[in-house]
Amino acid sequence: MQRLGVQTVLATTYENVVYTSGFASATGRMYPQIPHWCLVPRPELGPPVLLMPVAEAGLLADQGRDPATVCLFGRPSEHFADVQALEGVDRVLQPMLAQAAAGGVAEALKRACAQVGLGGARIAVDAAQGNAALLQVQALAPGMEWVPHGDSALLWARMVKTPAECERIRAAGALNDAAIDSGLRALGQGGRDRKRVV
């Protein structure tokens, strides 16, 4: 981020949102035209803030997300019509839904920037799939300075692995090796995979 002269990167691609926030959603993967974004500030400014459609509120609550790190947009459906009157809505889901009624993605983006403390700061946009996301945020929040090449900052961050990430990679590799060994044993010596297809 320092090389780009920015304090924050807006992750807009599915892979970068998952990497920066740990939040994975089938909806975000299948419908990239619906913003599933993550505002990633420098560490000293605070944690990443997710910008998600209100339809993701249940999944976010199930994961125990801190409502302070989520800005929802869209209107709660008839299932969540009166958030205050719902019985049994937990302490995570209710605040998320209550703040979602305020407006669309532009309002959520402004709230997220305010949460991170970004007044007129420069924000890089992960525009790995072209400038569509950059043009969209420039139109949504014209008072901010949006710049391209946020994807390069996130690429560098993704290259550096923590010890915990290295351990998870090793564990995934061990599972992969075990699966291949199991498959080869099932084939047997001299076997052909065509004969094993059901």
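Computed from a predicted structure; not experimentally measured.

Caption draft 1: Broad picture of the nonpolar core. Leu10, Leu39, Leu51, Leu109, Leu118, Ile123 and Trp146 are the most contacted members of the largest nonpolar core, which has 23 residues in total. Broken down by secondary-structure element, the contributors of at least two residues to this core are strand E2 (37–41), strand E3 (49–53), strand E4 (70–73), helix H5 (105–116), strand E5 (122–125) and helix H6 (132–140). With 6 residues, the top contributor of residues to this core is H5. Leave out the neighbours within four places in its chain, and leucine 109 touches Leu10, Leu51, Val137, Leu140, Ala141 and Trp146. Formed by 18 residues, the second largest nonpolar core is a distinct cluster that contains Val6, Val9, Val17 and Val40.

Caption draft 2: Local environment of a nonpolar patch on the surface. Taken together, Leu155, Trp156, Met159 and Val160 make up a surface patch of nonpolar side chains, about 450 Å² in accessible area. Looking at the secondary structure, you find methionine 159 in helix H7 (residues 150–159). Overall, methionine 159 belongs to the exposed group, its relative accessible area being 51%.

Caption draft 3: Just H7, in detail. Looking at H7, one finds that the buried residues are Gly150, Ala153 and Leu154. Here the buried residues of H7 occupy an arc of 95° about the axis, which is enough to place them on one side. The elements touched by buried residues of H7 are strand E1 (8–11), helix H1 (14–21) and E5.

Thresholds applied
- Residues numbered from 1 in each chain as written.
- Predicted model: local features only at pLDDT ≥ 70, side-chain atom pairs only at ≥ 80, totals over all residues.
- Heavy atoms only, no water.
- Core = buried A, V, L, I, M, F, W, Y, C linked by side-chain atoms within 4.5 Å.
- Buried < 20%, exposed > 50% of the residue type's maximum accessible area, 1.4 Å probe, protein only.
- Helix = DSSP H or I, 4+ residues; strand = E, 2+ residues; numbered from the N terminus.
- Contact = heavy atoms within 4.5 Å.
- Patch = residues over 30% accessible without salt bridge, like charges linked within 9 Å, V, L, I, M, F, W, Y side chains within 5 Å.
- Areas by Shrake-Rupley, 256 points an atom, 1.4 Å probe, with all protein chains shown as cover.
- Salt bridge = Lys/Arg side-chain N within 4 Å of Asp/Glu carboxyl O.
- Arc of directions from axis to C-beta.

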